[in-house]
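# Overview (structure and organization)
What follows is each chain in one-letter form.
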Amino acid sequence: MSEAAIPPTLKIHAPPAELEREPLVENQRGPGWISDQISGIVEGKTPKWWWVAFSISFPTMLMLFAVLAYLISTGVGIYGNNHPVMWGWPIVNFVWWIGIGHAGTLISAILFLLRQKWRTGVNRAAEAMTIFAVMCAGIFPLIHIGRAWLGWWLFPIPNANSIWPQFRSPLMWDVFAVSTYFTVSLLFWYVGLVPDLAVMRDRSKTKIRKFLYGLFSLGWTGSNRHWSNYEKAYLILAGLSTPLVLSVHSIVSLDFAVSNLPGWHTTIFPPYFVAGAVFSGFGMVLTLLIPLRRLCKLEEIITVRHIELMCKVTLAVGSIVSYAYGMEVFIAWYSGSPYEKFAFWNRAFGPYWWGYWTMITCNVLVPQFFWFKKVRTNMLFVWVLSIFVNIGMWFERFEIVITSLSREFLPSNWGYFAPTIWDILTYIGTFGLFFTMFLLFLRFLPMIAISEVKGVTPQADPHHPLGGAKPGGHH
Amino acid sequence: MSESSKLYGLIAEFDTPAALMHAAEKVRDSGFRKWDVFTPFPVHGMDKAMGMRNSKVGWFSFIGGATGYLTGMLMIWWMNAVDYAIPVGGKPMFSPHGAFPPSYELTILFGAFGAILGMLFLNRLPRLHHPLLKHKRFALATHDRFFIVIETSDPKFSGTDTRKLLESTGSKHIEGVED
């Protein structure tokens, strides 16, 4: 239909300038610029800051291996875990790390299903964060069982005693949830990487690069017949990862909730854990990406709007977490159970009161700053707040695991948990592992989904003037 | 390049997705079957412009997921209720509720493998070699250019007419691709 045929009353006018959305890629950058900018991070000389960060994280990772060797050769006795607090820091750290991973999947899967196009700027790095965080998490349950070399008994593999795993235990569910989570996250990440590895292959100047990127890009050509199957597979993976990510932390929470311990035995745990996981994960995404966008000169792709949107998600899930804290206390009182009441009274005013109030400060009060646009657009401020979120969520898991176990039904079963230096060194060591992996990722793989970012620019839209559409034409 | 018998096809280059889409519609309407469009990102509406049908990846994923769920349920029933029954707290030897969480995870795991392997199978990937990957300008297909390739093996392919058709779509670079 030509312009003239539309009656003037039916014409839809363009929105006023102040209502226009800020573009996802600033300065109308086109696909060529996006390739150059993102691949440039991998192709250029290794920057100084990378070496500085690597020279800290790599020895820290080696220290982790040394501590683990000492632990396995000596026994869990080197940790603070003892009766009645048998779970201790390893489980606190396990839940904390696995929670961090959840933001990556939320960004890559749930925001994909919700058609939030801004996810393209941050999903690759967030997914990488997920994978490395789950690797760190996976270490803890394995090492705290005592005889780590028998960890394979958790898998349904025939063993010498002919006994199978006991599937009525939520701990078994956890094995399946976490290993599926790791595998599917890795697959999802890799599938997303394939077209970008082809970009790297086609830009390679050296033979070895061309060979390796070529090998891992599986012979990708960018054929539309391939894209069609690829996009469908990607959509299905997003659709599968969404119930997966919700189930993983739900099942982790069932490790606690299925027991009869006051402070653990609550029905609110699955949604409360999932919200907490997403909250902590967004905290970590912000902690990582705010410095990176500056260091890698990606301000035009990870724009201030991206950071603002992530702050808003953090505020929203932080509010759900705050609600859960309130509801926990309310139900403890409303249940009329003296044990429940005591468990929560003890959390706030018992020997671990400092942990509880750190948690409340970091997780309930700190995110309130995100109501203000001035705060959300101040990168340094957001970065500092994001670290508080990470700290707060660690203390939440500390409170749940430690206080509940240290005050059981019988006062003769009471105790006080204190970590040893080995607990602390193991925890610090996992940061070494995490950052070493993350730095290697930044150095060798495109840290932003190149083809996905190209796809959300106006240049990619055949109906947009920048995509070559002629005014009045049907495209 | 001479159009010898070793030709794989004709490649036409475009600068914008809109130009590409118009050209694809033209090629589709001319009745070609062995041809394809190459883009640095998926272009929306291109499936229709090429006259393609919905992808079949979903079936692979569905079969994977169903297999996963059945595997989980059967495995747990056989292990905990048949092969070595362990009574725990007076609970039934097998209950679909207790077996659900691991089976649910296996549904997702196998469904994901189904989607990915199905996608690779339908795309005939991985492959280590493709005639187009040798072509000099084709490296731009992952950068910022858009290409249409019509293969010589298409029954409708004819050296001069096909080139004319591609010229009429407004492409400025049309070349032969060696096999």
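Residues numbered from 1 in each chain as written. Chains lettered and ligands numbered in written order. Predicted model: local features only at pLDDT ≥ 70, side-chain atom pairs only at ≥ 80, totals over all residues. Heavy atoms only, no water.

### Remarks on the overall build of chain B
Counting its secondary structure elements, chain B contains six helices and four strands. Listed N to C, the secondary structure of chain B is β-α-β-α-α-α-α-β-α-β in terms of helices and strands. Taken against the 2.2 N^0.38 rule, which gives 16 Å for 179 residues, the C-alpha radius of gyration of chain B at 25 Å runs more than 25% over that of a compact globule. Referenced to the eigenvectors of the C-alpha coordinate spread, the extents of chain B come out at roughly 80 × 30 × 30 Å. Taking the intrachain contacts of chain B between residues at least 6 apart in sequence as the baseline, contacts between residues at least 24 apart amount to 77%. Working note: accessible area of chain B is about 9100 Å², and carbon and sulfur atoms make up 60% of it. Between the centroid of the 19 positive side chains of chain B and the centroid of its 17 negative side chains there is a distance of 2 Å. (Helix = DSSP H or I, 4+ residues; strand = E, 2+ residues; numbered from the N terminus. Rg over C-alpha atoms; globule rule 2.2 N^0.38 Å. Contact = heavy atoms within 4.5 Å. Areas by Shrake-Rupley, 256 points an atom, 1.4 Å probe, with all protein chains shown as cover. Lys, Arg positive; Asp, Glu negative; His and termini not counted. Charge placed at Lys NZ, Arg CZ, Asp CG, Glu CD.)

### Here we look at the sheet that holds strand 2 (residues 35-38) of chain B
Strands in a sheet are paired, the pairing made by backbone hydrogen bonds, and the direction either parallel or antiparallel. All names here are of chain B. Reading across the sheet, the four strands line up as 2-3-1-4 and stay open at both edges, with antiparallel pairing between neighbours. The open sheet is flanked by strand 2 and strand 4 (173-178), the only strands paired with a single partner. Taking the axes of each pair of neighbouring strands and ignoring which way they run, one obtains an average angle of 20° across the sheet. (Pairing = 2+ DSSP bridges. Axes fitted to C-alpha atoms, helices over the stretch in contact; angles between N-to-C directions.)

### Here we look at the interface of chain A and chain B
Facing the 62 residues of chain A at the interface are 68 residues of chain B. Summing both sides of the interface, chain A and chain B together bury roughly 5700 Å²; the carbon and sulfur share of this comes to 67%. At the surface where chain A touches chain B, the tally comes to one salt bridge. The tally of links from chain A across to chain B stands at 26 residue pairs in polar contact (both at pLDDT 80 or more). Sorting the residues of the side of chain A that touches chain B by element identifies helix 1 (31-43), helix 5 (170-203), helix 7 (224-257) and helix 15 (450-455) of chain A as the ones contributing at least two each. Among the elements that line the side of chain A that touches chain B, the one with the most residues is helix 7 of chain A, at 17 residues. Across the side of chain A that touches chain B, the residue classes break down as 29 nonpolar, 23 polar and ten charged. (Buried area = accessible area lost by both parts, 1.4 Å probe. Salt bridge = Lys/Arg side-chain N within 4 Å of Asp/Glu carboxyl O. Polar contact = N/O pair within 3.5 Å; in protein donor to acceptor, adjacent residues only side chain to side chain. Nonpolar A, V, L, I, M, F, W, Y, C, P; charged D, E, K, R; others polar.)

### Topic: helix 2 (residues 48-74) of chain A
Residues and elements named next belong to chain A. Between its terminal C-alpha atoms helix 2 stretches 39 Å, which fits the 39 Å expected from 27 residues at 1.5 Å a residue. Within helix 2 the residues assigned to the buried category are Trp50, Phe54, Ser57, Thr60, Met61, Leu64, Val67, Leu68 and Leu71. Once helix 2 ends, the next one or two residues include Gly75, with phi positive near 130°. (Expected span 1.5 Å × (residues − 1). Buried < 20%, exposed > 50% of the residue type's maximum accessible area, 1.4 Å probe, protein only.)

### Thoughts on the domain arrangement of chain B
Examined at the domain level, chain B breaks down into domain 1 (7-54 + 128-178) and domain 2 (57-122). The C-alpha-based centres of domain 1 of chain B and domain 2 of chain B are spaced at 44 Å. (Domains from an automatic or database assignment.)

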